[in-house]
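Coordinate analysis (summary)
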Amino acid sequence: MVTLPIYLDNNATTRTDPRVVEKMLPYFTEIYGNAASRNHEFGWKAEEAVDEARSQIGSLIGASPKEIIFTSGSTESNNLAIKGVAHMYQKKGNHIITCMTEHKAVLDPCKRLEREGFQVTYLPVDKFGLVSVEQVASAMTDKTILLSLMFANNEIGTIQPMTELGKLCKEKGVIFHTDATQAVGKIPVDVESMGIDLLSMSGHKMYGPKGVGALYVRRKDPRVRLDPMMDGGGHERGMRSGTLAVPLIAGLGEAAALCHREMAQDTEHCRTLRDRLHQGITSQLIDVELNGHPTLRLPGTVNLSFAYVEGEALMMGIKEIACSSGSACTSASLEPSYVLRALGVGDELAHSSLRFGVGRFNVQEEIDITIAKVVEAVNHLRKMSPLFEMAQEGIDLSTVQWAHH
Amino acid sequence: MAYSDKVLDHYYNPRNIGSLDKSSAQVGTGVVGAPECGDVMKLQIRVSDEGVIEEAKFKTFGCGSAIASSSLATEWLKGKTVEQAGHIRNTEIVKELNLPPVKVHCSVLAEDAIKAALKDYQEKQTKLAPTASSEKGS
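So, here's what we can say about the structure. (Residues numbered from 1 in each chain as written. Chains lettered and ligands numbered in written order. Predicted model: local features only at pLDDT ≥ 70, side-chain atom pairs only at ≥ 80, totals over all residues. Heavy atoms only, no water.)

**Focus on the overall build of chain A**
Heads up, the condition is: By the criteria applied, helices consist of DSSP H or I runs no shorter than four residues and strands consist of E runs no shorter than two, each listed in order from the N terminus. A radius of gyration in this sense is built from C-alpha atoms; the matching globule rule multiplies 2.2 Å by the number of residues raised to 0.38. Only protein chains enter the accessibility calculation, which uses a 1.4 Å probe; a residue whose area is less than 20% of its type maximum is buried, one above 50% is exposed, and one in between is partly exposed. In this description, contact between two residues means that some pair of their heavy atoms is separated by no more than 4.5 Å. In this description, accessible areas are obtained by the Shrake-Rupley approach with a 1.4 Å probe, and a residue is regarded as covered only by the protein chains that are shown. Charge assignment in this entry is limited to Lys and Arg as positive and Asp and Glu as negative, and neither His nor the chain termini are counted. For charged residues, the charge sits on one atom: NZ in Lys, CZ in Arg, CG in Asp, CD in Glu.
The secondary structure content of chain A amounts to 13 helices and 13 strands. Compactness check: chain A gives a C-alpha radius of gyration of 22 Å against a globular reference of 22 Å for 405 residues, within 12% of the reference. Seen through its C-alpha atoms, chain A measures out along the principal axes to roughly 75 × 55 × 35 Å. Counting all 405 residues of chain A, 58% fall into the buried class. Restricting to contacts in chain A with at least 6 residues of sequence separation, those with at least 24 account for 73%. Entry remark: accessible area of chain A is about 16,600 Å², with carbon and sulfur atoms responsible for 53%. Each charge class in chain A can be summarised by its mean position, and for the 41 positive and 49 negative side chains these summaries are 6 Å apart.

The following block contains the structure:
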């Protein structure tokens, strides 16, 4: 029995797995010591929990437990990685490479560094959202100290060629950071074989709690050093001061262990439901475009543009379905998604887009209800769309002179 | 974002969706907005010989507030004279639909669509004026 509303916004956040919550609970009321208390049982027990989590996360991404720095989430991890590298290595060079479809938590730290005098290259992407190795190579100069490129995109799910990029960075002696928030726990991530030096991840995107994340910091070959953002007790190898959030960290560790153990079945489950959703919609509606790469894509993500209807109106029509729209009609800017724009998707199609994120807890019946509701809402809106009418009359909408406002 | 009940009602039960013959001299058509801005409104009126709007139709590509604004506009236009229709203001639409500040532009667009349809109708009438008066005279 399915209850409404249906949650299909797992790229925004995920439900905390009940097994994760179970794991966390004792650390609030029973094992509540400070992990930095070295002289009593309470502290030791807390430290044990933190160490276990470090191992669980290390196993998931192919890192040593010592290379995991706990943070409040990916935004902090990205800030620490990017600003930390920039400030630590500024004598070596002042050039950073990233791309246009990054999350704001990468773009905005880069913009701040630009104001401080750093040079940043924002690479364009192809129509699928991919950056090529050649593009990165030709953007590199002898002043380049950092490449920051997301593993998988949050809006369209496109997965970048990490192994090739890692190899290039190693050859050129450039530090490679990746915002892997959407990828970790969903698809195989291996910092060794992919040549990743810094990796940001977040608990709540992988069925863990909100408010906790981690930054992987390579310890050898090369040993990456970071200028810390906060001064304090020198926790986390001096890179992130602040008492460790033991219950959240225990939860993050458990979430990582579950993702690691169940990745094959999670992937199969999400991909099957995602493809069912995609096919169910496109078999009943014309002029629906996929945004993102057809195959190099996160298993649960599908971003679709519904020509001739506006995204926010569509969301109203499917209000029992929780998903996201590329239309920014609710914001004051009226600008559609910058990610879709970077793909070359026309603004009118960007306004007409919906992102569905299928997750571990979705079931087939929810997908079937969603298909029916989306088809009904799109038909309802197309019936009242002047653009659909014009398209049906054979008018090429790109040749129409619109009265811009 | 929470929509007012009135916006929801117009969204689920839009009034006067459809199209009128845009080549008719009795019909005024206004198309405003642009797809890349996220809204396009087409509003049409059919005016009687006495100058009264007998029929009003709309089609809108846009958010729920844009749909509601144009749907409401067609309701208000019906039965009004061309002169009266020119006095409909976006602020009245905002008030009637309880539109929040970020949605005021939807009402502005509806007012623009009304004006564009009236202008189109009046231009057609002006062009026909000499013939129309001579016909009436005969």
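**A look at the sheet that holds strand S8 (residues 213-217) of chain A**
Residues and elements named next belong to chain A. Condition: Two strands form a pair only when DSSP identifies at least two bridges running between them. Simply put, an axis is a line fit to the C-alpha atoms, just over the touching stretch for a helix, and the angle between two N-to-C directions goes from 0 to 180 degrees.
Pairing is mixed across the open sheet formed by seven strands, whose spatial order is S2-S8-S7-S6-S5-S3-S4. A strand with exactly one partner marks an edge of an open sheet, and here the two such strands are strand S2 (68-71) and strand S4 (119-123). Across the sheet, the axes of successive neighbouring strands diverge by a mean angle of 20°, strand direction being ignored. Bridge count between strand S3 (residues 95-99) and strand S5 (residues 144-148): three bridges; the pairing is parallel. Bridge pairing in S5 places Ile-96 opposite Leu-146. Contacting S2, strand S7 (198-202) and S8, helix H3 (residues 41-61) runs over the sheet at an angle of about 115° to S2.

**Topic: the environment of A:Glu310**
Just so we agree on the cut-off: Polar contact is defined as a pair of N or O atoms within 3.5 Å, subject to the rule that within protein one atom must be able to donate a hydrogen and the other to accept it, and that residues adjacent in sequence are counted only when both atoms are side-chain atoms.
Take A:Glu310: it is sitting in the loop between strand S10 (301-306) and helix H9 (311-317). In this structure, the C-alpha to C-alpha distance between A:Glu310 and A:Trp402, residues 92 residues apart in sequence, is 17 Å. One polar contact links the side chain of A:Glu310 to the main-chain amide nitrogen of A:Ala313, over a distance of 2.9 Å. Of the polar contacts made by the side chain of A:Glu310, one reaches the backbone nitrogen of B:Cys63; its length is 3.4 Å.

**A look at the packing of H3(A) against helix H8 (residues 246-282) of chain A**
Residue and element names in this part refer to chain A. What counts, and what does not: Geometric relationships in this document are graded by angle, where less than 35 degrees denotes roughly parallel, more than 145 denotes roughly antiparallel, 65 to 115 denotes roughly perpendicular, and other angles denote oblique. In this scheme, a crossing is called left-handed if the near helix is turned counterclockwise away from the far one by less than a right angle; it is called right-handed if the turn is clockwise. Each residue gets one label: Ala, Val, Leu, Ile, Met, Phe, Trp, Tyr, Cys and Pro are nonpolar, Asp, Glu, Lys and Arg are charged, and the others, such as Gly, are polar.
Packing of H3 against H8 leaves a shortest axis separation of 8 Å and a crossing angle of 30°. As the angle between them shows, H3 and H8 are arranged roughly parallel. The handedness of the crossing between H3 and H8 is left-handed. Residues Ala-46, Ala-49, Val-50, Ala-53, Gln-56, Ile-57, Ser-59 and Leu-60 of H3 form the contact with H8, whose participating residues are Val-246, Ile-249, Leu-252, Gly-253, Glu-254, Ala-256, Ala-257, Cys-259, His-260 and Met-263. Here the contact of H3 with H8 is composed, by residue class, of 13 nonpolar, four polar and one charged.

**Some remarks on the pairing of strand S3 (residues 53-61) of chain B**
Residues and elements named next belong to chain B. With respect to burial, S3 is a largely interior element, seven of its nine residues being buried. Pairing of strand S2 (residues 39-47) with S3, which is carried by eight bridges, proceeds in the antiparallel orientation. The residue bridging Leu-43 from the neighbouring strand is Phe-58, located in S3. What sits between S2 and S3 in their antiparallel hairpin is a turn of five residues, with Gly-51 showing a positive phi close to 85°.

**Here we look at the pattern of salt bridges**
The test is simple: Note on definitions: salt bridges are taken to be side-chain nitrogens of Lys or Arg within 4 Å of carboxyl oxygens of Asp or Glu.
Within this structure, the stated rule accounts for 31 salt bridges over all chains. A salt bridge links A:Arg274 to A:Asp275, with the nearest nitrogen and oxygen atoms 2.9 Å apart. On the basis of relative accessibility, which here comes to 5%, the residue A:Arg274 falls in the buried class. When its relative accessible area of 26% is taken as the criterion, A:Asp275 is described as partly exposed. In this structure, A:Glu389 and B:Lys42 form a salt bridge, with 2.7 Å as the shortest nitrogen-oxygen distance.

This is a description of form; function is not addressed.
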